[in-house]
Amino acid sequence: MKLRREFRKLRYFFEYIGILIGYSLIRIFPRTFVLVLAKIIGAIIYMIPQFRKLIVANLKIAFPDKNFSEILKIARQNTFHLALTVFDFLWFSGKDDVI
């Protein structure tokens, strides 16, 4: 049990370091790179079956009149915009002169 707790602390530490590195990298890249990165990450999120099933189920409830192909198109766009929102928040934070 104690070993599991220590492993969890170590995992959280490396996750924190990874997030700091990602945050630092996103802030130094140009905006066009952030857009491309959001498109890639959005596509990766969409390919994960658990996330795709959840998004599609929610969209079916929200838009019962849409057919399945329209729902899938909206789901792909949704994952891109979700990633773009997160990356924009990170990229714009502290850049008052750009806003």
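Everything that follows concerns the structure shown earlier in this document.
Residues numbered from 1 in each chain as written. Predicted model: local features only at pLDDT ≥ 70, side-chain atom pairs only at ≥ 80, totals over all residues. Heavy atoms only, no water.

A word on the packing of aromatic side chains
Definition in use: Here the aromatic set is Phe, Tyr and Trp, taking the six-membered ring for Trp, and pairing holds for ring centres within 6.5 Å; pairs whose planes are under 30 degrees apart are stacked, those over 60 apart are edge-to-face, and all others are tilted. Relative accessibility decides the category of a residue: with a 1.4 Å probe and only protein chains considered, values under 20% of the type maximum give buried, values over 50% give exposed, and everything between is partly exposed. Here, a charge over a ring is recorded when the distance from Lys NZ or Arg CZ to the ring centre is within 6 Å and its angle to the ring normal is within 35 degrees.
Following the criterion strictly, the structure yields three aromatic pairs and no others. Between W91 and F92, the ring centres sit 4.9 Å apart and the planes meet at 85°, which makes this aromatic pair edge-to-face. Residue W91 is classed as buried on the basis of its relative accessible area, which comes to 8%. A relative accessible area of 24% means that F92 is categorised as partly exposed. Residue placement shows K39 over the ring face of F80; its charged tip is 5.1 Å from the ring centre.

Thoughts on the side chain of T79
This is how it is decided: Secondary structure counts use DSSP, requiring at least four H or I residues in a row for a helix and at least two E residues in a row for a strand, with both numbered from the N terminus.
On the secondary structure map, T79 appears in helix α4 (residues 68-92). Judged by relative accessible area, T79 falls into the buried class, the value being 1%.

Some thoughts on the environment of N78
Looking at the secondary structure, you find N78 in helix α4. Along the primary structure N78 and F51 are separated by 27 residues, whereas in three dimensions their C-alpha atoms are 11 Å apart.

Regarding the nonpolar core
The following threshold applies: What we call a nonpolar core is a set of buried Ala, Val, Leu, Ile, Met, Phe, Trp, Tyr and Cys residues that are connected through their side-chain atoms within 4.5 Å. The contact criterion used is simple: two residues touch if any of their non-hydrogen atoms lie within 4.5 Å.
Core analysis: the biggest nonpolar cluster contains eight residues, these being I26, V34, A38, F80, A83, L84, F87 and W91. Listing elements by their share of this core, those giving two or more residues are α2 (31-47) and α4. The element best represented in this core is α4, accounting for five residues. What I26 contacts, discounting residues up to four positions off in sequence, is V34, L37, F87, L90 and W91.

Considerations on a nonpolar patch on the surface
Rules: Only residues above 30% relative accessible area that lack a salt bridge enter a patch, with like-charged residues linked at up to 9 Å and the nonpolar side chains Val, Leu, Ile, Met, Phe, Trp and Tyr linked at up to 5 Å. Here, Shrake-Rupley sampling with a 1.4 Å probe gives the accessible areas, and only protein chains in the shown set may cover a residue. Between Lys or Arg on one side and Asp or Glu on the other, a salt bridge is scored when a side-chain nitrogen of the former is within 4 Å of a carboxyl oxygen of the latter.
Nonpolar side chains collect at one region of the surface, where L10, F13, F14, Y16, I17, L20, I21, L25 and I28 lie side by side and expose about 890 Å² of accessible area between them. Relative to the helices and strands, Y16 resides in helix α1 (residues 2-28).

What about the environment of L25?
Among the structural elements, L25 can be located in helix α1. Looking at L25, the relative accessible area reads 38%, which means it is partly exposed. The spacing of L25 and W91 is 66 residues in sequence and 9.3 Å in space, taken between C-alpha atoms.

So, a positive patch on the surface
Here is the rule we go by: Under this rule, positive means Lys or Arg and negative means Asp or Glu; His and the chain ends count for nothing. Taken as the charge centre is NZ of Lys, CZ of Arg, CG of Asp or CD of Glu, depending on the residue.
A cluster of basic residues, K2, R4, R5, R8 and K9, forms a positive patch on the protein surface. For R8, the position within the fold is in helix α1.

Describing the packing of α1 against α4
Here is the rule: Axes here refer to lines fitted to C-alpha atoms; in helices the fit is confined to the stretch in contact. Angles between the N-to-C directions go from 0 to 180 degrees. Throughout, the term roughly parallel applies to angles under 35 degrees, roughly antiparallel to angles over 145, roughly perpendicular to angles from 65 to 115, and oblique to all others.
Orientation of α1 relative to α4, taken along the N-to-C sense of each, is 75°, at an axis distance of 8 Å. One way to sum up the angle between α1 and α4 is to call them roughly perpendicular. Contacts from Y23, I26 and R27 of α1 reach α4 at F87, L90 and W91.

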